[in-house]
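Architecture and fold: a report
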Amino acid sequence: MSEFAQAFRAMVARIEKMDPADFAGAVVIVPPGDGEPIVELRADPNPDVVGFWAGIETRIETRKMEMARAEQDATTFGRR
């Protein structure tokens, strides 16, 4: 099994165990290379679509900031 497909297969297994009435959204984002996937499954009988997308956007922005900070630290410490 491809390591990149594993996150998707795991999400499918989680969704299949859910009560369909509670499903409030799912997302799996697998970046290239060895980056950590973003995986989220929401369960809520009264889903908030705007909240779902805002939550995903926040997680993506947080990941981008973490990566930029790590890259900056690597560059800064590499010069010393």
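Let me sum up the structure you'll find in this document. (Residues numbered from 1 in each chain as written. Predicted model: local features only at pLDDT ≥ 70, side-chain atom pairs only at ≥ 80, totals over all residues. Heavy atoms only, no water.)

1. A short note on the overall build of the chain
Per the secondary structure count, the chain includes two helices and two strands. Secondary structure elements of the chain occur, N-terminal to C-terminal, as α-β-β-α. Its C-alpha atoms give the chain a radius of gyration of 16 Å, clearly above 12 Å, the size a compact globule of 80 residues would have. Each of the three principal axes of the chain carries a C-alpha extent, and together these read 55 × 35 × 10 Å. (Helix = DSSP H or I, 4+ residues; strand = E, 2+ residues; numbered from the N terminus. Rg over C-alpha atoms; globule rule 2.2 N^0.38 Å.)

2. Some thoughts on the pattern of salt bridges
Tallying each qualifying case throughout the model produces four salt bridges. A salt bridge links Arg42 to Glu40, with the shortest nitrogen-to-oxygen separation between them at 2.4 Å. Take Glu40: its relative accessible area is 12%, and that puts it in the buried class. Notably, a salt bridge pairs Arg59 with Glu40, separated by 3.1 Å at the nearest N-O pair. Of this pair, Arg59 sits in helix H2 (residues 49–79) while Glu40 sits in strand S2 (residues 38–43), and the two are 19 residues apart along the sequence. Beyond isolated ion pairs, a larger network of salt bridges with shared partners links Glu40, Arg42 and Arg59. (Salt bridge = Lys/Arg side-chain N within 4 Å of Asp/Glu carboxyl O. Buried < 20%, exposed > 50% of the residue type's maximum accessible area, 1.4 Å probe, protein only.)

3. Some details on the side chain of Glu40
Within the structure, the side chain of Glu40 is placed 2.4 Å from the side chain of Arg42, a separation counted as a polar contact. Not counting the four nearest positions on each side in its chain, Glu40 is found in contact with Met11, Gly25, Ala26, Val27, Ile56 and Arg59. (Polar contact = N/O pair within 3.5 Å; in protein donor to acceptor, adjacent residues only side chain to side chain. Contact = heavy atoms within 4.5 Å.)

4. Structural notes on helix H1 (residues 3–16)
Look at H1: 21 Å from first C-alpha to last across 14 residues, which is about the 20 Å you get at 1.5 Å a residue. N-capping of H1 is provided by Ser2, with a side-chain oxygen placed 3.1 Å from the backbone N of Phe4. (Expected span 1.5 Å × (residues − 1).)

Keep in mind these numbers describe shape, not what the thing actually does.
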